[in-house]
Amino acid sequence: MVDEAANPALGAVSDQYVQNVLEAERDPEAFWLAQARRLVWHSEPSHASRSDFTGDVRIAWYEDGRLNVAENCLDRYLLTQPDKAAVIWEGQEDGHRTVLTYRELHARVCRLANTLRRLGVSKGDRVAIHLPMVVEGVVAMLACARIGAIHVVLFGGFSAEGLAERLRDSQAVLVITADVARRGAKLIPSKTTMDEALDACGPECAVRKVLVVAVTGAKVPMQAGRDLSYEAEVALEMPDCPVEVMDACDPLFLLYTSGSTGRPKGVVHGSGGYLVWASFTHQTVFNSQPDDIFWCTADTSWITGHTYVVYGPLVNGGTIMIYEGLPSWPAPGRWWDVIDRNGVTVFYTSPTVIRAAMREDDHVVESRSLASLRVLGTVGEPISPEAWQWFHDKVGRNCCPVADTWWQTETGGVMITASAGKVPGRPGAAGLPLPGVQVELLTPAGAGQEQPVVEGAGEGLLCLSSSWPGQAMTLWQDHERFRQTYFTTCPGRYFSGDGARREADGYIWITGRVDDVVNVSGHRIGTAEIEDAIATDHEVVESAAVGIPHDLKGQGLVVYVVPREEGVLDTARVRKVVADSVGRYAAPEKVYVVRDLPKTRSGKIVRRLLRKIAAGELENLGDLSTLSDPDCVQALIRQVAEQQ
Ligand code: ATP
Ligand code: MG
């Protein structure tokens, strides 16, 4: 039981928030059933959770409820606000801008939903969406939801191999792709890459039709009988389409995790629970207001794009901002201009974007107004106190709350954060669990040994002791992997894979992935701690710490640093910064100065690769398809070899 005396942090947060936390603790069933009223149901659920973390593991929310997700995001607003902007889209080319009202978005979704039905897609079929950041991406997700098809959004930058693997695994029957996508000065040949992927799939391929969106209008090869023009097909259809009424636990989508730690997992989310979670968290975390222009910069192929580009803001009747291009193309400050031009009020991005902006001259951000901003957020990796402060001071101009948000593909939405206007932010800390989120830290122990729960201040494995509506239901066609991955390390609990530290007043700091914890002569060191220390050196743009086998110490610490000025960095100073702020035992064995770090498509540093490169294990680098730029690996190997 949380009370204010035991958890003084709650004393500093708003009364309403404290009230919600206590209410959710007292009677979770009633609390979550009340939250279900955020949605419109064809048949209201009579109970909230029937989930069980033991035995075979079962995740089930609002089981006897029936609804349609697209109807919740669109149709209900046709009556109340048909002419409100649902989507503001800006292209990277000057003058490219589209605003779609709720009425217009609804019509587009219906036309595509009718098209999909005509092409033989039915409830439960998988549809792969492989598009850049264009309006059709949102339309496609909602069209699938409308007819009960399960969408599988695939990153536009994946190689043919990466796409083929996911098409095979999901057994998608239809693909929606682009002719060509723009990415800064580069053109990405989406359609030809998809063609290669379909060839590579071979006999295991279930894809029957490919709809090609004319993003640039380039001429691309079309296979007769299989490939169709998206624009021509939707033009044949009516702007109205009856919804498929779904059970709350019918899958809404399947999404592959970022693949930071290994083979990506096909996470399956249900309809009712996920949508309640999207609505609840979007409103609570960002203190969302009806006139917000909400810009989550994540690609829609990442869970953040699902929940906070599309479902959260739309189910709450908001206006979403979508920008096609990169932060600094054609010139630094491009995203700040997007904020100013469109009056963006909530800006939700990632630490990697913030670090890149910090690399630029402060004049770039200072020369923009940014007066429309009200709330800032960040997600994806731990944010160093330095980066948090810079974001708060320079982008938020000292007056916007910053919500760091810890969550995962598997959690469906935010779990731990400093909710805007309710929980004071603290640089570098993730914040407090949301109401109804039951965090427990467990002491790591050997197999079969007891893992005591850490009470009060302390550090441990970050677990959730009970289910929440946004929890993933399973891994696609692999429930056993689901059970094994999340429910065996800490039996009876969901184990996130991350470690965390809790302060006496309840604030939680994410220390990084447990697999990344480095054990030097018996000292357990979180990679985030090392990287936070290095971030205080202004000559360093970003860094990554990894452990490699060491004869005497068990593990030795190796650090990769990206200098502000290419090639110029005093590595002895980096070692000293770590020794001074963390401890002499943590001083890295080796500091490699590199131009870039390998990142996933969602901007996360892929430490497993760095570990292998540092340890000289170059034969089996594992799945590279999740990298945003697979070419950087060879460059990295070269740079490291030069410094050995
Ligand atoms: P995979 O599971 O395939 O290895 P992934 O874990 O990177 O990939 P995601 O679900 O996109 O895939 O990322 C969730 C992870 O990202 C979290 O488990 C955590 O390690 C990290 N993370 C996300 N947000 C934060 C945050 N605010 N602070 C610290 N870490 C974060
Ligand atoms: Mg993960």
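Just so we're clear, the structure is a prediction, and the values are computed from it rather than from any experiment.

(A) Spatial organisation of the overall build of the chain. Each helix and strand counted, the chain has 20 helices and 30 strands in total. The C-alpha radius of gyration computed for the chain amounts to 24 Å, which stays within 12% of the reference 26 Å derived for 644 residues, consistent with globular compactness. Seen along its three principal axes, the alpha-carbon backbone of the chain occupies a region of about 70 × 55 × 50 Å. Across the 644 residues that make up the chain, the buried fraction comes to 61%. A sequence separation of at least 24 residues applies to 70% of the contacts in the chain between residues at least 6 apart.

(B) Representation of the UniProt feature "domain: Acetyl-coenzyme A synthetase N-terminal" (unreviewed entry) in the chain within the structure. Under the UniProt annotation, the feature "domain: Acetyl-coenzyme A synthetase N-terminal" (unreviewed entry) is placed at residues 23–73. Secondary structure across residues 23–73 comprises 33% helix and 4% strand; the distance between its end C-alpha atoms is 28 Å.

(C) Structural context of the side chain of D505. Along the polypeptide, D505 turns up in the loop between β24 (494–502) and β25 (508–513). In terms of polar contacts, D505 uses its side chain to reach the side chain of R426, at 2.8 Å. Engagement of the side chain of D505 in a polar contact is seen with the backbone nitrogen of Y507, the distance being 3.4 Å.

(D) Spotlight on the UniProt feature "domain: AMP-binding enzyme C-terminal" (unreviewed entry) in the chain. Summarizing the sequence annotation, UniProt attributes the feature "domain: AMP-binding enzyme C-terminal" (unreviewed entry) to residues 529–604 in the numbering used throughout. Helix makes up 22% of residues 529–604 and strand 33%, whereas the separation of the span's terminal C-alpha atoms amounts to 16 Å.

(E) Examining the packing of helix α19 (residues 607–614) against helix α20 (residues 632–642) more closely. Where α19 contacts α20, the two axes come as close as 10 Å, and the packing angle between them is 35 degrees. Note that α19 runs across α20; the crossing there is right-handed. Side by side, α19 and α20 meet where L609, L610 and I613 of the first sit next to V633, L636, I637 and V640 of the second. For the contact of α19 with α20, a count of residues per class yields seven nonpolar, no polar and no charged.

(F) Quick peek at the site of ligand 1. Of all residues adjacent to ligand 1, which total 22 residues, the nearest are T257, G259, S260, T261 and T409. Residue K265 places a side-chain N or O atom 3.1 Å away from an oxygen atom belonging to ligand 1. Within the side chain of T409, one N or O atom sits 2.5 Å away from an oxygen atom of ligand 1. Residue assignment for the shell around ligand 1 shows that the elements contributing at least two residues are β18 (402–406) and β25. Looking at which element gives the most residues to the shell around ligand 1, the answer is β18, with three residues. Residues belonging to the shell around ligand 1 are distributed by class as follows: six nonpolar, nine polar and seven charged.

(G) Quick peek at the nonpolar core. Within the largest apolar cluster, 126 residues are counted, with the highest numbers of intra-cluster contacts made by I176 and Y311. Looking at this core element by element, the count peaks at ten residues for helix α6 (residues 135–147). The residues contacting Y311, other than those within four sequence positions of it, are V69, C73, M141, L142, A145, H151, L252, Y274, L275, A278 and H306.

(H) Spatial organisation of the sheet that holds strand β22 (residues 458–464). Ordered in space as β21-β22-β24-β25, the four strands form an open sheet in which the pairing is antiparallel. Strand pairing shows two members of the sheet lacking a second neighbour, β21 (439–442) and β25, which therefore form its edges. When the angles between neighbouring strand axes are averaged without regard to direction, this sheet yields 45 degrees.

(I) Region of the structure containing the environment of Y17. Tracing the backbone through its elements, the reader meets Y17 in helix α2 (residues 15–26). The spatial distance from the C-alpha of Y17 to the C-alpha of G421 is 9.9 Å, given a sequence separation of 404 residues. Among residues more than four places away in sequence, those in contact with Y17 are T284, S419, K422, V423, L432, P433, L434 and P435. For Y17, the side chain forms a polar contact with the main-chain oxygen of P433, separated by 3.3 Å.

(J) The arrangement of the state of the cysteines in detail. Using the criterion set out here, one finds zero disulfides in the structure. No disulfide involves C463; its nearest neighbouring cysteine sulfur is the one of C490, lying 3.4 Å away.

(K) View of helix α12 (residues 334–342). Regarding α12, the residues found buried are R334, W335, W336, V338, I339 and N342. Two residues or fewer past α12, G343 is found with a positive phi of approximately 65 degrees.

(L) Broad picture of the sheet that holds strand β15 (residues 319–323). If you trace the nine strands from one edge of the open sheet to the other, you get β3-β2-β15-β14-β16-β17-β18-β19-β20, paired in mixed fashion. Taken across any chain shown, the strands that pair with only one partner, and hence form the sheet edges, are β3 (97–101) and β20 (432–433). Looking at chain direction, strand β16 (residues 346–349) and strand β17 (residues 375–379) are connected through four bridges and run parallel. Paired with F347 across the two strands is L376, which belongs to β17.

(M) Region of the structure containing the confidence of the model for the chain. The share of residues in the chain with pLDDT of 70 or more is 98%, and the mean pLDDT across the chain is 94. Here residues 1–9 is modelled with pLDDT under 50, and outside its nearest four sequence neighbours on either side it reaches 16 contacts, counting other chains as well. At the level of chain-chain contacts, confidence expressed as ipTM amounts to 0.99, with global pTM at 0.93.

(N) View of the packing of helix α4 (residues 69–80) against α6. In the contact formed by α4 and α6, the axes pass within 7 Å of each other and the chain directions differ by 115 degrees. In this structure, α4 meets α6 at a crossing whose hand is left-handed. On the side of α4, the interface is formed by V69, A70, E71, C73, L74 and D75, while α6 contributes L142, A145 and R146. A class-by-class count of the residues in the contact of α4 with α6 yields six nonpolar, no polar and three charged.

(O) Representation of the side chain of S279 in the model. With respect to the helices and strands, S279 occurs in helix α10 (residues 272–286). At 3.0 Å, the side chain of S279 forms a polar contact with the side chain of R38. Look past the residues within four positions of S279 in its chain and what remains in contact with it is R38, V315 and N316.

(P) Spotlight on the packing of aromatic side chains. A complete count under the given rule lists 31 aromatic pairs for this structure. With 5.1 Å between their ring centres and 55 degrees between their planes, F53 and F487 make a pair best called tilted. Of this pair, F53 sits in the loop between α3 (28–35) and β1 (66–67) while F487 sits in helix α16 (residues 479–487); the two residues are 434 residues apart in sequence, bridging distant segments of the chain. Residue F53 shares its accessibility class with F487, and that shared class is buried. One aromatic cluster in this structure is built from F31, W32, W41, W61, Y62, W277 and F280. Here the basic side chain of R166 rests over the ring of F158, its NZ or CZ set 4.1 Å away from the ring centre. Above the ring of W509, the side-chain terminus of R501 is found at 5.0 Å from the ring centroid.

(Q) Expanded view of α2. Between its terminal C-alpha atoms α2 stretches 16 Å, which fits the 16 Å expected from twelve residues at 1.5 Å a residue. The set of residues buried in α2 consists of Y17, V18, N20, V21, L22 and A24.

(R) Fine view of unusual backbone geometry. W329 connects to P330 through a cis peptide bond whose omega is 5 degrees. Within the secondary structure layout, P330 lies in the loop between β15 and α12. In this structure, V57 is a non-glycine residue whose phi angle is positive, near 75 degrees. Tracing the backbone shows V57 in the loop between α3 and β1. V57 gets classed as buried once you look at its relative accessible area, which sits at 6%. Even without being glycine, R397 reaches a positive phi, approximately 50 degrees. Examined against the element boundaries, R397 turns out to sit in the loop between α15 (385–395) and β18. A residue is classified by how much of its surface remains accessible, and R397, at 29% relative accessible area, is partly exposed.

Reading the values: rules and limits
Residues numbered from 1 in each chain as written. Chains lettered and ligands numbered in written order. Predicted model: local features only at pLDDT ≥ 70, side-chain atom pairs only at ≥ 80, totals over all residues. Heavy atoms only, no water. Helix = DSSP H or I, 4+ residues; strand = E, 2+ residues; numbered from the N terminus. Rg over C-alpha atoms; globule rule 2.2 N^0.38 Å. Buried < 20%, exposed > 50% of the residue type's maximum accessible area, 1.4 Å probe, protein only. Contact = heavy atoms within 4.5 Å. UniProt positions renumbered as here; feature names shortened; annotations may be inferred. Polar contact = N/O pair within 3.5 Å; in protein donor to acceptor, adjacent residues only side chain to side chain. Axes fitted to C-alpha atoms, helices over the stretch in contact; angles between N-to-C directions. Left-handed = near helix turned anticlockwise from the far one by under 90°. Nonpolar A, V, L, I, M, F, W, Y, C, P; charged D, E, K, R; others polar. Near = heavy atom within 4 Å. Core = buried A, V, L, I, M, F, W, Y, C linked by side-chain atoms within 4.5 Å. Pairing = 2+ DSSP bridges. Disulfide = S-S within 2.5 Å. pLDDT = per-residue confidence, 0-100. Phe/Tyr/Trp six-rings, centres within 6.5 Å; stacked < 30°, edge-to-face > 60°. Lys NZ or Arg CZ within 6 Å of the ring centre and 35° of its normal. Expected span 1.5 Å × (residues − 1).

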